[in-house]
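# Survey of secondary and tertiary structure
Spelled out from the first residue to the last, the chains are:
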Amino acid sequence: MKQYIRKADIILLIVLVIAGLAASAALSMSRSAAGSDARVIIESGGELYATYPLSEDRTVIVPSPQEGVSAADVPDDSRPASEQFTHYNVVTVSGGKVSVSEASCKNQVCVHHGEISQGGESIVCLPNRLVVRIDPGSSGEGGGYDSVTS
């Protein structure tokens, strides 16, 4: 009877599992929560709507471009967004995490997406043409060249 699994195969499997776990731990540590200079970038209709520090808690009403309202024209009153606009998103920054807490779109994918906190992550609402993303700042993530060719 042939022996298909040898002692060397088991050792190789254990070494590969340990190497994979070590690489996973190293990547998760290097991609820890975004630094203190991380910024939340909100784009509406392909244009920059606003930029806020990730470290400051706030709630922002972002009207869809079809509303024809700029960031400076959004009133700072206590009325709900649904009473102010027909097409909108409410972006919430809290505890170093960002989420879309309310939206006027039918499918609510952006609301169900959940929170983001890592540099490079994003939330997109296609019906309202909204993109919310985190720029890691100078925490060392991204921003450099991937490769150089000649």
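Presented here is an overview of the structure given in this document. (Residues numbered from 1 in each chain as written. Predicted model: local features only at pLDDT ≥ 70, side-chain atom pairs only at ≥ 80, totals over all residues. Heavy atoms only, no water.)

This model, assessed by the stated rule, comprises 0 disulfides. Left unpaired, Cys110 is separated from the closest cysteine sulfur, that of Cys125, by 3.7 Å. Cys110 gets classed as buried once you look at its relative accessible area, which sits at 2%. (Disulfide = S-S within 2.5 Å. Buried < 20%, exposed > 50% of the residue type's maximum accessible area, 1.4 Å probe, protein only.)

Counting residues in each nonpolar core, the largest one holds 22 residues, and the members touching the most others are Ile42, Val91, Val98, Leu130 and Val132. Breaking this core down by element, the ones donating at least two residues are strand E1 (39-44), strand E2 (47-53), strand E3 (58-63), strand E4 (88-94), strand E5 (97-103), strand E6 (122-125) and strand E7 (130-135). With near-sequence residues (within four places) excluded, Val132 lies in contact with Val40, Ile41, Ile42, Val91, Val98, Ile116, Glu121, Ser122 and Ile123. Residues Ile61, Ala81, Tyr88 and Val90 belong to the second largest nonpolar core, which totals 5 residues. (Core = buried A, V, L, I, M, F, W, Y, C linked by side-chain atoms within 4.5 Å. Helix = DSSP H or I, 4+ residues; strand = E, 2+ residues; numbered from the N terminus. Contact = heavy atoms within 4.5 Å.)

Time to look at the sheet that holds E1. Spatial strand order, E2-E1-E7-E6: 4 strands in an open sheet with antiparallel pairing. Only two strands of the sheet have a single partner each, and these edge strands are E2 and E6. Within this sheet the neighbouring strands show an average axis-to-axis angle of 15°, counted without direction. Relative to E7, E1 is paired through 6 bridges, and the arrangement is antiparallel. Residue Glu43 lies in a different strand from E7, and its bridge partner there is Val131. (Pairing = 2+ DSSP bridges. Axes fitted to C-alpha atoms, helices over the stretch in contact; angles between N-to-C directions.)

Residues Leu130, Val132 and Ile134 line the buried face of E7, whereas the alternating positions Val131, Arg133 and Asp135 sit on a face that is not buried. Bridge analysis of E6 against E7 gives 4 bridges, and the strand direction is antiparallel. Looking across to E7, one finds that Val124 is bridged to Val131. Where E6 folds back on E7, the antiparallel hairpin that results is connected by 4 residues, among which Arg129 adopts a positive phi of roughly 55°.

Distances and angles like these do not, on their own, reveal function.
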